[in-house]
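Chain by chain, the residues run as shown.
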Amino acid sequence: MLLQFFTALREAKVPVTLREFLTLLDALDRDLAEKRVEEFYLLARTALVKDERHLDRFDRVFGSVFRGLETVGEATEPTAIPEEWLRKLAEKYLTDEEKAELKALGWDKLFETLKQRLAEQKERHQGGSKWIGTGGTSPFGAYGYNPEGIRIGQDGNRNFRAVKVWDKREFRDLDDGVELGTRNMRVALRRLRRFARTGAADELDLDGTIRETAARGYLDVKLRPERRNAVKVLLFLDVGGSMDWHVELAEELFSAARAEFKHVEHFYFHNCPYERVWKNNRRRHDETLPLLDVLRTYPADYRVVIVGDASMSPYEIAAPGGSVEHWNEESGEVWLGRLLERFPKAVWLNPIPAEHWAYTQSIAMVRRIVGGRMYPLTLEGIDAAMRELVR
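Here we summarise the structure given alongside this text. (Residues numbered from 1 in each chain as written. Predicted model: local features only at pLDDT ≥ 70, side-chain atom pairs only at ≥ 80, totals over all residues. Heavy atoms only, no water.)

This part is about the overall build of the protein chain. In terms of regular secondary structure, the protein chain is built from 15 helices and 13 strands. Out of the 391 residues in the protein chain, the part that is buried amounts to 45%. On the protein chain, roughly 21600 Å² of surface is accessible, and the fraction owed to carbon and sulfur atoms is 49%. (Helix = DSSP H or I, 4+ residues; strand = E, 2+ residues; numbered from the N terminus. Buried < 20%, exposed > 50% of the residue type's maximum accessible area, 1.4 Å probe, protein only. Areas by Shrake-Rupley, 256 points an atom, 1.4 Å probe, with all protein chains shown as cover.)

Let us now look at the side chain of Asn350. With respect to the element layout, Asn350 can be found in strand 12 (residues 346-350). In this structure, Asn350 is in contact with Gly308, Asp309, Ala310, Trp357, Ile363, Met374, Tyr375, Pro376 and Leu377, ignoring residues within four places of it in sequence. (Contact = heavy atoms within 4.5 Å.)

Within the secondary structure, Asp205 is located in the loop between strand 5 (195-204) and helix 9 (206-216). The exposure class assigned to Asp205 is buried, which follows from its relative accessible area of 16%. Here the side chain of Asp205 touches Gly208 through a polar contact of 3.1 Å, landing on its backbone nitrogen. (Polar contact = N/O pair within 3.5 Å; in protein donor to acceptor, adjacent residues only side chain to side chain.)

Now for the pattern of salt bridges. Under the criterion given, the structure shown has 13 salt bridges. Of the charged contacts, one joins Glu20 and Lys50 as a salt bridge, the two residues approaching to 3.1 Å between their closest N and O atoms. A residue pair is termed long-range when its members are at least 10 positions apart, and Glu20 in helix 2 (residues 18-29) and Lys50 in the loop between helix 3 (37-48) and helix 4 (55-65) qualify at 30 residues. For Lys50, a relative accessible area of 55% puts it in the exposed group. One salt bridge connects Asp220 with Arg216, and the closest N-O pair in it is separated by 3.1 Å. Look at Asp220 and you get buried, because its relative accessible area is 14%. Accessibility expressed as a relative area gives 45% for Arg216, which makes it partly exposed. One continuous salt-bridge network, built from bridges that share partners, spans Glu212, Arg216, Asp220 and Lys222. (Salt bridge = Lys/Arg side-chain N within 4 Å of Asp/Glu carboxyl O.)

Moving on, we get to the nonpolar core. Counting residues in hydrophobic clusters, the biggest one holds 32 residues, and the most contacted among them are Phe236 and Trp348. Put simply, the parts of the chain that give this core at least two residues each are strand 7 (232-238), strand 8 (263-269), helix 11 (291-297), strand 11 (303-307), helix 13 (332-342), strand 12 and helix 14 (361-369). Discounting chain neighbours no more than four positions away, the residues touching Trp348 are Phe269, Asn271, Ile306, Gly308, Ala310, Leu336, Val366, Val370, Arg373, Met374 and Tyr375. (Core = buried A, V, L, I, M, F, W, Y, C linked by side-chain atoms within 4.5 Å.)

So, on to the environment of Gly63. In this fold, Gly63 is placed in helix 4. A residue is classified by how much of its surface remains accessible, and Gly63, at 33% relative accessible area, is partly exposed. Remark: the alpha-carbon pair of Gly63 and Tyr41, spanning 22 residues in sequence, is separated by 9.8 Å.

We now examine the sheet that holds strand 7. Spatially, the five strands line up as an open sheet ordered 8-7-11-12-13, and their pairing is parallel. Here the strands that pair on one side only, and so sit at the sheet edges, are strand 8 and strand 13 (374-376). Taking each pair of neighbouring strands and ignoring which way they run, the sheet shows an average axis angle of 25°. Two elements, strand 7 and strand 8, share seven bridges in a ladder whose sense is parallel. When the sheet's bridge partners are listed, Lys232 is paired in strand 8 with His263. In the packing of helix 10 (residues 247-260) onto the sheet, contacts are made with strand 7, strand 8, strand 11 and strand 12, and the angle to strand 8 comes to roughly 155°. (Pairing = 2+ DSSP bridges. Axes fitted to C-alpha atoms, helices over the stretch in contact; angles between N-to-C directions.)

Counting across every chain of the model gives 11 aromatic pairs. Note on Phe6 and Phe21: the rings are 4.6 Å apart at their centroids and 45° apart in plane angle, and the pair reads as tilted. One end of the pair, Phe6, is in helix 1 (residues 2-11); the other, Phe21, is in helix 2, and 15 residues separate them in sequence. Phe21 sits in the buried class, given a relative accessible area of 5%. Their ring planes at 40° and their centres at 5.8 Å tell us that Phe40 and Phe62 sit as a pair that is tilted. (Phe/Tyr/Trp six-rings, centres within 6.5 Å; stacked < 30°, edge-to-face > 60°.)

Our next topic: the pairing of strand 12. Across the five residues that make up strand 12, a large majority, five, are buried. On strand 12, burial covers both faces: Ala346, Trp348 and Asn350 on one face and Val347 and Leu349 on the other are all buried. Sheet topology note: the strand 11/strand 12 ladder contains four bridges and is parallel. Across the sheet, Val305 pairs through a bridge with Val347, a residue of strand 12. Strand direction decides the pairing type here: strand 12 and strand 13, joined by three bridges, are parallel. Directly across from Trp348, in strand 13, lies its bridge partner Met374. Considered for its hand, the β-α-β crossover made up of strand 12, helix 14 and strand 13 is right-handed. (Right-handed = clockwise from strand over helix to strand, strands pointing away.)

So, about a nonpolar patch on the surface. A cluster of nonpolar residues, Leu204, Leu206, Ile210, Leu219, Val221 and Leu223, forms a patch on the protein surface that exposes about 610 Å² of accessible area. The class of Leu204 is partly exposed, set by a relative accessible area of 48%. (Patch = residues over 30% accessible without salt bridge, like charges linked within 9 Å, V, L, I, M, F, W, Y side chains within 5 Å.)

Put into structure tokens, the structure is as follows:
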């Protein structure tokens, strides 16, 4: 129950630290509460609450967690503490005011400082604001907070502040067999149509057969190529990170495009297209394709649809080496520009609602690069994007 009490206080935004919690446990070991609930309440409030503004929240949490408790012994029965809980308890709680006081080092200074720390540090570190470790406000490590840092050894996003991630991350391929919810998307995608008869003549040409039979006096069966949508599409899909929240929507679009277009190729990227893309997320570290090869392989009459939330560090777009996962020699803006120059018929579909775009700097940057051709990943947005591609 004490662990539950501690986590409930943190969830209620009472700034309780691990050290204060350990102080309370030590006081209980010394029997300072004398096994009485009233004394335990006063002891816990004294050890855990530093500001009278949080007293009301503390009282509500205490009443909720210890409702019906008669003796302190009921709350202190020994139990195994999961290792993951202990790691989480070490995370530093910062108020909005404390976060605002932290200053970003800047791109060049960040990497210069990391090299220095790697050369100097000799042991594991937890908390603090300097060394590579866990918790605290250092720009380097995991489970802490810094306005611009390098994330090392953390299983996913927490504050969306990392400008670089030094981990091998595994992504999952999108499913092109999803059916539920794709019908309306297929209807919207049908605006991108340009029919032509190409390929083998395997369809009965009824009008031609009647005409030739009447002219020749005998049955003359005529065949013609099937009438198909001749539009060819390249689909670039952002995967991983913040796009995990939009996987279902992206899969529905992927399935609809596969079903609607005869000529469609797909490629994956993370956050922003760089010098390499891939087709299989399980092998993305071993089997990648140079983006230049893609630009040379497919002719300029292909339509390009880029799907991504465009939510990333501005460095990932504007700076060489800005990719969150690897060191790119040229900026994302350069590579995105090359893609758009090769395929002038291109749009960007964003799963984030359009009314929220103004609050993310990187979305504004990508919108500028694509010439305003960014549309929300909704039925209306897909319809507008397909109208743009057939202009």
